[in-house]
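# Understanding the architecture of this molecule
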Amino acid sequence: MKQTEPQSSSGTQSQTQTQTQTQPQSQSQSQTEAGSQPPLNLQSLPPIFVLPTHLSLDALHQIEDHLVRGAAHLTYDISEAGVVLGRLSHSKRVALELRARGVWTEEVPASHSSVSPAGRWKGEEPPAKRARVSEGARIDGLSRDDTPNMTGPSNEAIDLDTETESEEDGMEGHRGEKHLQRPELVSAVPSKETARAEPNVIQVVKLSWLDECIAANSLLPIDSYLLYKARKVARPAGAEARSPPITKPTSILQRVRQDASTPSSHPPPPPKLHRTTTSEAEEDNKTSLPPPPDWVVNRLPYACQRRSPLHPPNEAFIQQLLKIRQIRQLTLDEIGVRAYSTSIAAIAAYPYKFRRASEILSLPGCDAKIAHLFSEYQSSPNGSLEAASQLDKDPTLRTLHTFNQIWGVGAKTAREFYYTRQWRDLDDIILHGWAGLSRVQQIGVKYYDEFLRGMSRSQVETIASTVQRHAHKMRPHAHYDGVGVECIIVGGYRRGKETCGDVDVILTHRDESVTQDLIVDVVGSLESEHYITHTLHLNLSTSDRDQQSLPYRGDAIEGARHFDSLDKALVVWQDPLPTSPTESPTKDRKKNTNTHHRVDIIVSHWRSIGCAVLGWTGDTTFERDLRRIAKKRHNWKFDSSGVRERDGKGRVLDLEAKGRTWEEREKLAFEGIVGSGMWIGPEGRCSF
């Protein structure tokens, strides 16, 4: 469930930092130009490459001008460089930058240089390991009081029905930087002759060394400036410098040809036709299979047409298929994701435990491939599938899965982190790419461990009651009807989950004047009592148009995929510590170690409350099929904000007008889309 901002404060900070970084070069240039002495002679140095990381374009050009005036051998091919100049501080980052440019290295032992094996100069403390983001520590200015403005046009789209991700990570483009070497200094930079003797050696030197050399107008020893000295080695087998190109075949034949021609360390087994064995045939003669449910007999294709309990009889087999679907998602195989989702939804609705693979072939959306997988699962000693086990065994898939679990990072961005930026864990993201993350992604990394912890049903109920209390506080006059603002818990809680990953609540009232701008007031009230630490996304589109229903104008115009237009706030929640009247707010307050949770607060006016509850209760496949059946059967557009016609006029349809309660209105909306008498309660919408 995850939607796309003017430049944030982090962008301004990066710009200020870049301007500050350019000052040393400008000062050095002024000193050189002001003096009457000739420019520093750099002709004897090996080829030099300048890393553009953390440099503005102007600063990069100034450095290159200095090198050119000194007759240095400036190269733009890092593979031929003997010296690399860069504004870096850790050897790990240096090796990462070289590897990202296709140069694989192994560090020279400490005895060969004056630098420690970690690439640090003497006297420097080792770099801090990954900050414990789960403890709520402040990371690069990200504190509990930061509430970024997430309503701008270039914000990350946070689609709660599908997955979304930010494509603007703010990372600067890569370009090589070069090292400076001095022939006269044996303990410093080697001469050309030495470079020829060690053609595979590369040295990475701090950019400040060049500034000091220019200021002194002579080559200085690099002992305290050397970041990394290493030998160039061949790229390891199977290592990739960037994400492999992904093509989307337009036909089944093209997919087969592509699968046959694409090398893979774990090639999928070819699809097989399921053949009934002799033992299965003999068993069929002795015992008959249970009678198939009506939806199997009638071949009903949509998940919203059949009941799927929270714990189906074949749940263990489904868990294996979910892993395979996750792998398809991480490899951006959208066709595979949809196919497995359809098969899993059908198996989840089947009321009997499978006894043989042939039963699967009778289910709509399941083919011989799924039957073959069940045969493998059934014969496995521990009930597992080889294809599913790759999610745990394959190191690349494990890392991609870790990145994909960061809130605000989808599969495509996870692959960019891994292949393009060469990050391998959360520490790499924090140490080498923190400033390039969007604000939402920074929060997702900071509270990564805490967001993965589940909440009990009682915790969800406590949070919902707190939200409702603040809604009543902001709208005290709303009790005139004897009910006041209603708070409805939806999502996995309403489907019956024992443990919930987040909390989804909908606020509503029969009087539209009550729900107008209610989301702003509730969020402000919760922030004032320190329940909300960060606001990830704030949408006010319904209040901005005076709560008038938005007519259908086409998918391309309406917005990001299946994201509705309801007022909502996606926030980070932390229960505050209790306070006493004698406690000082600054000195005596203890550190809050309560877990941070994800909470979504939605506000819906009464006219479409049934659609809102319906759209926020089912899981992804169930909601997808609701949209599909509305389109194919009625030519309607359905989402959580209502139902509209697709006839070019976009007329809003009121399917729930006769409902007196929100439960009745939800049922009317459901049956209006799926069919009369087809009602399925929330506990039956667990199609995974």
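These numbers were taken from a predicted model, which means no experiment stands behind them.

### Structural notes on the packing of aromatic side chains
With the rule as written, the count across this model stands at 13 aromatic pairs. Centre to centre, the rings of Phe317 and Phe374 are 5.2 Å apart; their planes meet at 80°, and the pair counts as edge-to-face. On the criterion of sequence distance, the pair formed by Phe317 in helix H9 (residues 315-330) and Phe374 in helix H11 (residues 368-379) is long-range, its members being 57 residues apart. One exposure class covers both Phe317 and Phe374, and it is buried. Centre to centre, the rings of Phe403 and Phe417 are 5.9 Å apart; their planes meet at 75°, and the pair counts as edge-to-face. Here Phe417 lies in helix H14 (residues 411-420) and Phe403 lies in helix H13 (residues 395-404), a separation of 14 residues in the sequence. The class of Phe417 is buried, set by a relative accessible area of 1%. In textbook terms, an aromatic cluster arises when at least three aromatic residues are bridged by ring pairs, as seen for Phe317, Tyr350, Tyr352, Phe354, Phe374 and Tyr377. For the cation-ring pair, Arg424 lies above Tyr418, with the distance from its terminal atom to the ring centre recorded as 3.8 Å. Directly above the ring of Tyr493 sits Arg457, whose terminal nitrogen or CZ lies 3.9 Å from the centroid.

### Concerning the nonpolar core
Ranked by size, the top nonpolar core spans 29 residues in total, and within it Val467, Val505, Leu507, Leu526, Trp573 and Ile601 carry the most contacts. Those elements that provide at least two residues to this core are helix H18 (457-474), strand S7 (486-489), strand S9 (502-508), helix H21 (518-528), strand S11 (567-573) and strand S12 (597-603). Trp295, Ile318, Leu322 and Ile360 belong to the second largest nonpolar core, which has 26 residues in total.

### What about the sheet that holds strand S10 (residues 532-539)?
Taken in spatial order, the five strands make up an open sheet running S7-S9-S12-S11-S10, and their pairing is mixed. Of all strands in the sheet, those with a lone pairing partner are S7 and S10, marking the two edges. In this sheet, neighbouring strand axes are inclined to one another by 25° on average, regardless of whether the strands run parallel or antiparallel. As judged from the seven bridges shared by S11 and S12, these two strands associate in the antiparallel manner. Within S12, the position partnered with Trp573 by the bridge is His597.

### Notes on unusual backbone geometry
Positive phi, normally seen in glycine, also occurs at Arg299, with a value near 55°. Positive phi, close to 60°, is recorded for Leu332, a residue that is not glycine. As for its placement among the helices and strands, Leu332 is situated in the loop between H9 and helix H10 (334-349).

### Details of H10
For H10, built from 16 residues, the straight-helix expectation of 22 Å at 1.5 Å per residue is met to within 8% by its first-to-last C-alpha distance of 23 Å. Turning to H10, its buried residues number three or more, namely Gly336, Tyr340, Ser341, Thr342, Ser343, Ile344, Ala345, Ala346, Ile347, Ala348 and Ala349.

### Description of the pattern of salt bridges
Opposite charge on two side chains permits them to pair, given that their charged atoms come into close proximity. Going through the model one piece at a time under the given rule, you end up with 21 salt bridges. Between Glu97 and Arg101 there is a salt bridge whose closest N-O contact spans 2.6 Å. Of the charged contacts in the structure, one is a salt bridge between Glu666 and Arg494, with a shortest N-O distance of 2.7 Å. Here Arg494 lies in helix H19 (residues 491-495) and Glu666 lies in helix H26 (residues 662-674), a separation of 172 residues in the sequence. For the pair Glu666 and Arg494, a shared accessibility class is recorded, and that class is buried. Residues joined by salt bridges that share partners form a network here, namely Arg93, Glu97 and Arg101.

### So, the pairing of S11
Burial runs high along S11: seven of the seven residues are buried. The alternating pattern of S11 places Asp567, Ala569, Val571 and Trp573 and Lys568, Leu570 and Val572 on opposite faces, both of which are buried. Two elements, S10 and S11, share six bridges in a ladder whose sense is antiparallel. Bridge pairing in S11 places Leu538 opposite Ala569.

### Brief notes about the side chain of Thr542
For Thr542, the location among the structural elements is in helix H22 (residues 541-544). On the basis of relative accessibility, which here comes to 4%, the residue Thr542 falls in the buried class. When residues no more than four places from it in sequence are discounted, the contact partners of Thr542 are Gln547, Gln548, Ser565, Leu566, Asp567 and His605.

### So, the sheet that holds strand S4 (residues 201-206)
With mixed pairing, the five strands of this open sheet are ordered in space as S1-S2-S4-S5-S3. Strand pairing shows two members of the sheet lacking a second neighbour, strand S1 (48-50) and strand S3 (104-107), which therefore form its edges. Taken over all neighbouring pairs, the strand axes of this sheet differ in orientation by 35° on average, direction set aside. The sheet contact formed by S4 and strand S5 (residues 226-233) spans five bridges and is antiparallel. Each residue of the ladder has a partner; that of Val205, found in S5, is Leu226.

### Topic: the packing of helix H12 (residues 386-393) against H13
Packing of H12 against H13 brings their axes to within 6 Å, and their N-to-C directions diverge by 70°. By the angle class used here, H12 and H13 are roughly perpendicular. Of the residues in H13, those in contact with Gln390, Leu391, Asp392 and Lys393 of H12 are Pro395, Leu397, Arg398 and His401.

### Re the confidence of the model for the protein chain
Per-residue pLDDT for the protein chain averages 78, and the proportion of residues at 70 or more is 71%. Scored below 50 in pLDDT, residues 143-197 shows 225 contacts in the model against residues more than four places distant or in partner chains. Counting interchain partners and residues more than four positions distant, the pLDDT-below-50 stretch residues 255-273 has 13 contacts.

### Regarding the packing of helix H25 (residues 620-634) against H26
H26 packs onto H25 with a crossing angle of 55° between their chain directions and a minimal axis gap of 9 Å. When the axes of H25 and H26 are compared, the pair comes out oblique. Contact residues: H25 offers Phe622, Leu626, Ile629, Ala630, Arg633 and His634, while H26 offers Phe670, Gly672, Ile673 and Val674. Its residues placed into classes, the contact of H25 with H26 shows seven nonpolar, two polar and one charged.

### What to know about H11
The first and last C-alpha atoms of H11 sit 17 Å apart over 12 residues, in line with the 16 Å expected at 1.5 Å per residue. If you follow the buried residues of H11, they end up packed against H9 and H10. Its side-chain oxygen placed 3.2 Å from the backbone nitrogen of Lys369, Asp367 serves as the N-cap of H11.

### Thoughts on the environment of Gly454
Structurally, the position occupied by Gly454 is in the loop between helix H17 (448-452) and strand S6 (455-456). When its relative accessible area of 38% is taken as the criterion, Gly454 is described as partly exposed. Between the C-alpha atoms of Gly454 and Gly501, which are 47 residues apart in sequence, the distance is 4.8 Å.

Rules used in this analysis
- Position numbers for residues count from 1 along each chain, tracking the sequence in the order it is written.
- Given that the model is predicted, a residue must reach a pLDDT of at least 70 before its local features are reported, and side-chain atom pairs must reach 80 or more before they are shown or counted; all residues, however, enter totals for whole chains, interfaces and linings.
- Note that water and hydrogens are dropped before the side-chain values are worked out from all heavy atoms of the structure.
- Centres within 6.5 Å are what make two rings of Phe, Tyr or Trp a pair, Trp counting through its six-membered ring; a difference in plane orientation under 30 degrees is then read as stacked, over 60 as edge-to-face, and the rest as tilted.
- Numbering of helices and strands runs from the N terminus, with a helix taken as a DSSP run of H or I at least four residues long and a strand as a DSSP run of E at least two residues long.
- Summary of the burial criterion: residues with accessible area below 20% of their type's maximum are buried, those above 50% are exposed, and those between are partly exposed, where the area comes from a 1.4 Å probe applied to protein chains only.
- A positively charged side chain is recorded as over a ring if its NZ (Lys) or CZ (Arg) lies within 6 Å of the ring centre. The angle to the ring normal must also be within 35 degrees.
- We define the nonpolar core as a collection of buried residues of types Ala, Val, Leu, Ile, Met, Phe, Trp, Tyr and Cys that are connected through side-chain atoms lying within 4.5 Å of one another.
- Between any two strands, at least two bridges found by DSSP are needed for them to pair.
- For helices, the fitted line uses only the C-alpha atoms of the stretch in contact; every axis is such a line through C-alpha atoms, and the angle between N-to-C directions lies from 0 to 180 degrees.
- Helices are assigned an expected span. That span is 1.5 Å times one less than the residue count.
- We define a salt bridge as a side-chain nitrogen of Lys or Arg found within 4 Å of a carboxyl oxygen belonging to Asp or Glu.
- Two residues form a contact once any of their heavy atoms are found within 4.5 Å.
- Oblique is the label for any angle not covered by the other classes, which are roughly parallel (under 35 degrees), roughly antiparallel (over 145) and roughly perpendicular (65 to 115).
- Every residue gets a pLDDT, meaning the predictor's confidence in that residue, from 0 to 100.
- The nonpolar class holds Ala, Val, Leu, Ile, Met, Phe, Trp, Tyr, Cys and Pro. Asp, Glu, Lys and Arg form the charged class, and all remaining residues, Gly among them, are polar.
- The definition of a polar contact used here is a pair of N or O atoms within 3.5 Å, where within protein one atom must be able to donate a hydrogen and the other to accept one, and adjacent residues in sequence count solely through side-chain atom pairs.

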